[in-house]
Amino acid sequence: MNKTIQDIFSFESNLTQNITWQYDNTHVLKALIEAKNEWYSDNVNEFWEYVLHNFLNINTANDWGLNLWGKILKVKRLYNVNGQKINVSSELYRRLILGKLQLIKINGTVPEIDKYLNFIFSPYLSETSWAAYIQDNCDMTVNYYLNFTPSEEEKALILSRNIFPTPAGVRDKIYIMPEDAIFGFDGSGFQPWNQAPFWDESYL
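Okay, so let's go over this structure. Model, not experiment: these values are computed from the prediction.

1. As for a negative patch on the surface
And step 1. There is a patch of like negative charges on the surface, built from Glu38, Asp42, Glu46 and Glu49.
And step 2. Overall, the relative accessible area of 40% leaves Glu49 in the partly exposed class.

2. Concerning the pattern of salt bridges
And step 1. Using the criterion set out here, one finds four salt bridges in the structure.
And step 2. In this structure, the salt-bridge partner of Arg77 is Asp63, at a minimum N-O distance of 3.3 Å. With Arg77 in the loop between helix H3 (63-73) and strand E1 (78-81) and Asp63 in helix H3, the pair connects residues that are 14 residues apart, well separated along the chain.
And step 3. In this structure Arg77 comes out as buried when scored by relative accessible area, which is 14%.
And step 4. The salt bridge partner of Glu91 is Arg94, with a shortest N-O separation of 3.1 Å. Within this pair, Glu91 and its partner Arg94 are both found in helix H4 (residues 90-105), separated by three residues, close to a single helical turn.
And step 5. What makes Glu91 partly exposed here is its relative accessible area of 46%.
And step 6. The class for Arg94 is buried, based on a relative accessible area of 11%.

3. A look at the pairing of strand E3 (residues 132-136)
Taken residue by residue, a regular strand's side chains alternate between the two faces of the sheet.
And step 1. In this sheet, strand E4 (residues 141-146) lies alongside E3 in antiparallel orientation, the contact comprising five bridges. Note on E4: the bridge partner recorded for Tyr133 is Tyr145.
And step 2. In this antiparallel pair of consecutive strands, E3 and E4, the connection spans four residues, and Cys138 shows a positive phi of 60 degrees.

4. A word on the packing of aromatic side chains
And step 1. One pass over the structure, following the stated rule, counts nine aromatic pairs.
And step 2. Between Tyr133 and Tyr145, the aromatic rings sit 5.0 Å apart at their centres with planes inclined by 25 degrees, giving stacked as the arrangement. Of the two residues, Tyr133 is situated in strand E3 and Tyr145 in strand E4; the sequence distance between them amounts to twelve residues.
And step 3. Tyr145 sits in the buried class, given a relative accessible area of 11%.
And step 4. Pairwise contacts between aromatic rings join Tyr50, Phe55, Trp64 and Trp69 into one cluster.

Calculation notes
- Residues numbered from 1 in each chain as written.
- Predicted model: local features only at pLDDT ≥ 70, side-chain atom pairs only at ≥ 80, totals over all residues.
- Heavy atoms only, no water.
- Patch = residues over 30% accessible without salt bridge, like charges linked within 9 Å, V, L, I, M, F, W, Y side chains within 5 Å.
- Areas by Shrake-Rupley, 256 points an atom, 1.4 Å probe, with all protein chains shown as cover.
- Salt bridge = Lys/Arg side-chain N within 4 Å of Asp/Glu carboxyl O.
- Lys, Arg positive; Asp, Glu negative; His and termini not counted.
- Charge placed at Lys NZ, Arg CZ, Asp CG, Glu CD.
- Buried < 20%, exposed > 50% of the residue type's maximum accessible area, 1.4 Å probe, protein only.
- Helix = DSSP H or I, 4+ residues; strand = E, 2+ residues; numbered from the N terminus.
- Pairing = 2+ DSSP bridges.
- Phe/Tyr/Trp six-rings, centres within 6.5 Å; stacked < 30°, edge-to-face > 60°.

Have a look at this one:
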């Protein structure tokens, strides 16, 4: 049977159930144990519930818990871009940590990497378009396409390149295609080939 983290860390305690029958009528002993049990309920259980909510469960972890997970999984939160230090927000950092757990399990195929990228950039995901995807050029190179204009903290992630799971020995390029950079045809009002701002490192 699959257990949740709440099942594993069950904090309810009842010390009085451990009293054997021959001590069942020892009122002083029972009073001491009941007092101890009440102390556990008010202190120890409360402590572990705090740890569960604010650390063990990444989906609800606070900044303290997220920073601990970051150290465990070696996920950076502070980035240096052109001499400017950028500290990513809690929600983006949460996605980076959960994404790192995905990377540990994925098999490195294009669909798996697409799924990972769209989780990291999920605020830009819609029913009609992906937020990001990877293209395997079948020549030891890959292209990453990002269908949004990145914020300052997202630019820091992109420039660091730490979030892109490019295999060793494979060259990668990153292209940013904002919504206002739509390719089109004559008379459409959209920008033609070689005119729309495909991105390379100079874009940022």
